[in-house]
Structure formats: structure tokens, C-alpha cells
Amino acid sequence: MGNAEAGGTKIEFELHIDPPRTTHQQKKISVVNGKPHIYTPARLSEALSVLGWSLATHKPKEPLKGPLALVVRWKFHGQKKKPGWKVTRPDTDNLQKALKDEMGKLGFYLDDAQVVHEECEKVWADVPGIEIKLWELEP
């Protein structure tokens, strides 16, 4: 995974968790006193919390700077599925959004706009998890 050339700091780790199946697209809208109100359902809050505390142990001492490359492999466990591509929901763009937002909150980087090269795949696997590689690119 990953072919963009590293220029500086590189972080590589795996989260040994069941990847979230609930994503940002599942935020809800209600009307309170005639005005729309966007809220995060409990299931999404819980998924983001698990993702956040799992990431926290891997955060760098200082946020990475400059252009960054991010490579992620989402490994979902399926009771009756054989290892291979996962072509069902959630979509990779929604998974990546939640991950990048949590990484930004924790200080992996200053802004997720720094991610200029991105690779993502989701697969069925015997052991669930999230493989993450993040590195600084040559400016």
C-alpha cells in the first residue's frame, strides 16, 4: 500500500477494532421551534468515540506539516464472507471523512486539507481492523 514518496515523518499503525459502519452521512436533522437542527445520533457518537480513543495512542508529538499522504485499509469482519473486496456500505469517502476528522481533532496534522495523496480500500477480512499510514511528502 502506498507509493507517494516520503519526505519526512512517517506514521504507520493498525487499529485493532471493528471498523465503524456508521458514518458522518448519518447525521440527523430535526426541527426545533421552526428551525432546522443538525444532531449526531448516539450510534454515530459511539463510533466516533471508539475511533478517537483508538487513534489517540498513535498521535505524533507534533502535528505533521506540509503536504501529506494517507493510505488506509478498512478490514471488516464478515461472519459468512470470504476475504476479498467489500462492495457494500459504508462508502469509502464517508469512512475516510470520519477518520480524517478524528485525526485532525487529535493533532495528527493541522488541517485535513494537507492530505494531497490518498489511497483507500475496504475488504472483508478474518481479523477486523484499520491499517493506517500517514507521511509527510517532499514540498
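You'll find the structure just up there.
The rules behind each value
- Residues numbered from 1 in each chain as written.
- Predicted model: local features only at pLDDT ≥ 70, side-chain atom pairs only at ≥ 80, totals over all residues.
- Heavy atoms only, no water.
- Helix = DSSP H or I, 4+ residues; strand = E, 2+ residues; numbered from the N terminus.
- Expected span 1.5 Å × (residues − 1).
- Contact = heavy atoms within 4.5 Å.
- Core = buried A, V, L, I, M, F, W, Y, C linked by side-chain atoms within 4.5 Å.
- Buried < 20%, exposed > 50% of the residue type's maximum accessible area, 1.4 Å probe, protein only.
- Axes fitted to C-alpha atoms, helices over the stretch in contact; angles between N-to-C directions.
- Parallel < 35°, antiparallel > 145°, perpendicular 65-115°, else oblique.
- Left-handed = near helix turned anticlockwise from the far one by under 90°.
- Nonpolar A, V, L, I, M, F, W, Y, C, P; charged D, E, K, R; others polar.
- Arc of directions from axis to C-beta.
- 1 Å grid on protein atoms, 1.4 Å probe; cavity = no way out; pocket = protein on both sides within 12 Å on 5 of 7 lines; lining within 4 Å.
- Points joined across faces, edges and corners; volume = space filled by probe spheres on them.
- Salt bridge = Lys/Arg side-chain N within 4 Å of Asp/Glu carboxyl O.

*Asks:* I'd love a proper account of helix α2 (residues 92–106), names of residues and values included.
*Replies:* The terminal C-alpha atoms of α2 lie 21 Å apart, and with 15 residues this matches the ideal 21 Å at 1.5 Å per residue to within 8%. Tucked inside the fold, the buried residues of α2 contact α1 (42–56), β4 (68–77), β6 (115–125) and β7 (129–137). Downstream of α2 by one or two residues, G107 has phi in the positive range, about 95°.

*Asks:* Give a detailed account of the nonpolar core, specifying residues and quantitative values.
*Replies:* Ranked by size, the top nonpolar core spans 25 residues in total, and within it L55, M103, I132 and L134 carry the most contacts. Breaking this core down by element, the ones donating at least two residues are β1 (6–15), α1, β4, α2, β6 and β7. At five residues, the largest contribution of residues to this core is made by β4. Here I132 is in contact with I11, E12, F13, L15, L55, L70, V71, V72, L99 and M103, once residues within four sequence places are set aside. A4, A69, V71 and W135 belong to the second-largest nonpolar core, a separate cluster that totals five residues.

*Asks:* Provide a residue-level description of the packing of α1 against α2, including the pertinent values.
*Replies:* Axis separation between α1 and α2 bottoms out at 10 Å; the angle between their running directions is 50°. For the element pair α1 / α2, the angle class is oblique. Judged by the twist between their axes, the crossing of α1 over α2 is right-handed. From α1, L48, L51, G52, L55 and A56 reach across to α2, where they touch A98, L99, E102, M103 and L106. A breakdown of the residues in the contact of α1 with α2 according to their chemical character gives eight nonpolar, one polar and one charged.

*Asks:* Tell me about α1, and name the residues and values.
*Replies:* Compared with an ideal rise of 1.5 Å per residue, which puts 15 residues at 21 Å, α1 spans 21 Å between its outermost C-alpha atoms and is within 8% of the ideal. Turning to α1, its buried residues number three or more, namely L44, A47, L48, L51, G52, S54 and L55. An end-on view of α1 places all buried positions within 170° of arc, on one side of the element. Projecting away from the buried face of α1 at angles above 90 degrees are the exposed residues A42, E46 and W53.

*Asks:* I'd like a description of the layout of surface pockets, backed by residues and values.
*Replies:* Taken as a whole, the largest pocket encloses approximately 170 Å³ of empty space. What lines the largest pocket is simply D18, P19, P20, R21, T22, R43, E46, A47 and V50.

*Asks:* Let's hear about the pattern of salt bridges: which residues, and what values?
*Replies:* In this structure the tally under the stated criterion is nine salt bridges. Here E131 and K75 are joined by a salt bridge, their closest N and O atoms 3.2 Å apart. Of the two residues, E131 sits in strand β7 while K75 sits in strand β4, which places them 56 residues apart along the sequence. E118 is the salt-bridge partner of K100, the closest N and O atoms lying 2.9 Å from each other. Taken together, the positions of K100 in helix α2 and E118 in strand β6 put the pair 18 residues apart, joining distant regions of the chain. Judged by relative accessible area, which is 36%, E118 ranks as partly exposed.

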